[in-house]
Amino acid sequence: MSQLLSVEGVTVRFGGITAVKDVSFSVAPAQVTGLIGPNGAGKTTTFNVITGLQAATSGAVRLGDTDLTGLAPFKRARLGLARTFQRLEVFGSLSARDNVRVATEHHRDRTGHAPDPDALLERVGAGHVASEQADALPTGLARLVELARALATEP
């Protein structure tokens, strides 16, 4: 089976501290993969390397046959990477629908078509809160809105 995402020998050092050491894994299409470990194990740093928010000291990240190493986060996103964050990042003054619409319109600007925000909210189980203001949602539902927004880019 071909690999959709490959992380190859990634190491990240902050001065004399090694935060991530020689991490390698791959994800096949349609496969769910978890990255688990205790606080401070380097999970977030690894995700930051994958999405380009943190440069690796060594190693590589590939999406299919494309080497992402050294590419800016927005270029990685244009190639199909999307993520949510540990800290909730919704536009609080917008409805759940409009939070997703922001991403669908950006996607339309790049591709000429936009997914339906309501369909995406339904897909993640948050269709019933489409009209509600995002900062009034419980954390779990707001995370689903974030997930629908990430899916709006058709990663």
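Residues numbered from 1 in each chain as written. Predicted model: local features only at pLDDT ≥ 70, side-chain atom pairs only at ≥ 80, totals over all residues. Heavy atoms only, no water.

Take the nonpolar core next. By size, the foremost hydrophobic cluster in this structure holds 15 residues, and its most contacted members are Val100, Leu121 and Leu137. The set of elements that each furnish at least two residues to this core consists of α3 (96-111), α4 (117-123) and α5 (139-151). For this core, the element with the most residues is α5, which contributes four residues. When neighbours within four sequence positions are excluded, valine 100 is seen to be in contact with Pro117, Leu120, Leu121, Val145, Ala148, Arg149 and Ala152. By size, the runner-up hydrophobic cluster in this structure holds twelve residues, among which are Leu5, Val7, Val12 and Val61. (Core = buried A, V, L, I, M, F, W, Y, C linked by side-chain atoms within 4.5 Å. Buried < 20%, exposed > 50% of the residue type's maximum accessible area, 1.4 Å probe, protein only. Helix = DSSP H or I, 4+ residues; strand = E, 2+ residues; numbered from the N terminus. Contact = heavy atoms within 4.5 Å.)

The subject of this paragraph is α3. Taking 1.5 Å as the rise per residue, α3 with 16 residues should run 22 Å; its terminal C-alpha atoms sit 23 Å apart, in good agreement. When we look at burial in α3, the residues that qualify are Ala96, Asn99, Val100, Ala103, Thr104 and His107. Against the buried residues of α3 lie α4 and α5. Downstream of α3 by one or two residues, glycine 112 has phi in the positive range, about 90°. (Expected span 1.5 Å × (residues − 1).)

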